[in-house]
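# Report on the structure
One letter stands for each residue in the lines below.
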Amino acid sequence: NANKNGFDFWAAIAGASASVRAYVASADFTQATWQNVSSTVTPNAFDNHQAYLLFIRGDRTGYAGTAPGATTLRGNGKLKKGSFTIPVPVKQSHTLIGNPYASPLDFKLLYDANSNKIQPQFWVWQSALGTGRGGYVLIRPVSTGSSLYEAIPGNGSASAANRLIHSGEGFFVMPAN
């Protein structure tokens, strides 16, 4: 069934969870979940500007205790242009948004245009955080209205580059109130 649903098949993970998951929000962040995507071939399944969690397992040469070889990911499809409206429900603790553009998205510009709808900080997943399993990183301005953003946890340096959300990267925002 894996190939029929748009996934490649690998015996080592045949009974495991899907490598693509969708975020299901709740009013309380601790109740939010990541649900398996059951198919990647459903027509227009990925046209809703939703972000997803994608596990990249390398080139499959690595097994338990060994490192996999290099993997190259390539996007394809219609180039996204123009403005998109993504609702940020006030009764939801966090909303996951994906950068649909082929270029970085400047969060400060996004916030400045939507300061009545979202808070001035965002969260991203950093796979190398901690012991290799990853964790969330808070990206926030160093002071109100600042163009410098800091990453927590991070290396302690504040930079305008920290506020950039790269092409295809997902990020969490919170409603303004």
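Below you will find a few notes about this structure. (Residues numbered from 1 in each chain as written. Predicted model: local features only at pLDDT ≥ 70, side-chain atom pairs only at ≥ 80, totals over all residues. Heavy atoms only, no water.)

### Describing the overall build of the protein chain
Looking only at helices and strands, the protein chain features one helix and ten strands. Across the protein chain, contacts joining residues at least 24 apart in sequence account for 53% of those joining residues at least 6 apart. Accessible area of the protein chain: about 11,500 Å², with a carbon and sulfur share of 53%. (Helix = DSSP H or I, 4+ residues; strand = E, 2+ residues; numbered from the N terminus. Contact = heavy atoms within 4.5 Å. Areas by Shrake-Rupley, 256 points an atom, 1.4 Å probe, with all protein chains shown as cover.)

### Things to note about the pairing of strand β4 (residues 95-98)
Both faces of β4 are covered, namely the face carrying T95 and I97 and the face carrying L96 and G98. Here β4 pairs with strand β10 (residues 170-173) via four bridges, running antiparallel. Bridging across to β10, L96 finds its partner in F172. (Buried < 20%, exposed > 50% of the residue type's maximum accessible area, 1.4 Å probe, protein only. Pairing = 2+ DSSP bridges.)

### Concerning the nonpolar core
Counting residues in each nonpolar core, the largest one holds 15 residues, and the members touching the most others are F107, F122, F171 and V173. When contributions to this core are tallied by element, the ones reaching two or more residues are α1 (107-113), β6 (122-126), β7 (135-141) and β10. With near-sequence residues (within four places) excluded, F171 lies in contact with T95, L96, I97, G98, N99, L105, F107, L110, F122, W123, V124 and I165. One finds Y23, A32, W123 and L138 within the second-largest nonpolar core, a separate group that totals seven residues. (Core = buried A, V, L, I, M, F, W, Y, C linked by side-chain atoms within 4.5 Å.)

### Some thoughts on the sheet that holds strand β3 (residues 52-54)
Whenever strands of a sheet pair, they do so through backbone hydrogen bonds, lying parallel or antiparallel. Spatially, the three strands line up as an open sheet ordered β2-β1-β3, and their pairing is antiparallel. Both edges of this open sheet fall to β2 (33-36) and β3, since each of them pairs with a single strand only. Mean inter-strand twist for the sheet, computed between neighbouring axes without regard to direction, equals 35°. Pairing of strand β1 (residues 20-24) with β2, which is carried by four bridges, proceeds in the antiparallel orientation. Directly across from A22, in β2, lies its bridge partner Q35. (Axes fitted to C-alpha atoms, helices over the stretch in contact; angles between N-to-C directions.)

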